[in-house]
Amino acid sequence: MAKMTKNQVMQALADKNEMSKKDVISFMDNLVELAYSEVKNNGEFILPGFGKFVKVDRKAREGRNPATGETIQIPAKTVVKFRVAKAAKDAVL
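In short, a report on the structure. In this text, all values refer to a predicted model and were calculated from it rather than measured experimentally. (Residues numbered from 1 in each chain as written. Predicted model: local features only at pLDDT ≥ 70, side-chain atom pairs only at ≥ 80, totals over all residues. Heavy atoms only, no water.)

## A short note on the environment of Gln-73
- Among the secondary structure elements, Gln-73 is positioned in strand β4 (residues 71-74).
- Under the relative-accessibility criterion, Gln-73 is labelled exposed at 56%.
- Taking the C-alpha atoms as reference, Gln-73 lies 7.3 Å from Ala-60; in sequence the two are 13 residues apart.
- The residues touching Gln-73, leaving out its near neighbours within four places in the chain, are Arg-61 and Glu-62. (Helix = DSSP H or I, 4+ residues; strand = E, 2+ residues; numbered from the N terminus. Buried < 20%, exposed > 50% of the residue type's maximum accessible area, 1.4 Å probe, protein only. Contact = heavy atoms within 4.5 Å.)

Next up, the structure:
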């Protein structure tokens, strides 16, 4: 089965909710913008029943260059992770 494209996802949501595709795209863009803003300012954004985006600080660590085998230092950094909600896991698995 082929993966859905962004266009197909937006059309499916529009059909399911009896909305125009333009309104669905606008809603999704606003949701994404809100999620980015909340993660940046508060460290997390929760979508009930779906999961949450969490800002996590990674410590500096030692790694290896796979091409040369040389040991290198990987600096500390902040990353965003997505944690899937239990309800979503149960529904899919």
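## Some words on the sheet that holds strand β1 (residues 44-47)
- Spatially, β1-β2-β5 is the arrangement adopted by the three strands of the open sheet, whose pairing is antiparallel. A strand with exactly one partner marks an edge of an open sheet, and here the two such strands are β1 and β5 (77-84). Direction aside, the axes of adjacent strands within the sheet are offset by 25° on average.
- With eight bridges connecting them, strand β2 (residues 51-58) and β5 associate as antiparallel partners. Bridge assignment links Val-54 to a residue of β5, and that residue is Lys-81.
- Packing against the sheet, helix α2 (residues 21-42) makes contact with β1, β2 and β5, and its axis sits at approximately 140° to β1. (Pairing = 2+ DSSP bridges. Axes fitted to C-alpha atoms, helices over the stretch in contact; angles between N-to-C directions.)

## Things to note about the layout of surface pockets
- If you add up the space inside the largest pocket, you get close to 250 Å³.
- Lining the largest pocket are 13 residues; nearest its centre among them are Val-32, Ala-35, Tyr-36, Leu-47 and Phe-53.
- For the lining of the largest pocket, the secondary structure elements donating two or more residues are α2, β1, β2 and β5.
- Across the lining of the largest pocket, the residue classes tally to twelve nonpolar, no polar and one charged. (1 Å grid on protein atoms, 1.4 Å probe; cavity = no way out; pocket = protein on both sides within 12 Å on 5 of 7 lines; lining within 4 Å. Points joined across faces, edges and corners; volume = space filled by probe spheres on them. Nonpolar A, V, L, I, M, F, W, Y, C, P; charged D, E, K, R; others polar.)

## Re the packing of aromatic side chains
- Counted under the stated rule, the structure contains two aromatic pairs.
- Taken together, the aromatic side chains of Phe-50, Phe-53 and Phe-82 make up a single cluster linked through ring pairs. (Phe/Tyr/Trp six-rings, centres within 6.5 Å; stacked < 30°, edge-to-face > 60°.)

## Here we look at α2
- Between its first and last C-alpha, α2 extends 31 Å over 22 residues, near the 32 Å set by a 1.5 Å rise per residue.
- Among the residues of α2, Val-24, Ala-35 and Val-39 are the ones counted as buried. Seen along its axis, α2 keeps its buried residues to an arc of 35°; they face one direction. Within α2, the exposed residues directed more than 90 degrees away from the buried face are Lys-22, Glu-33, Lys-40 and Asn-41.
- After α2 finishes, the residue Gly-43 shows a positive phi value of roughly 90°. (Expected span 1.5 Å × (residues − 1). Arc of directions from axis to C-beta.)

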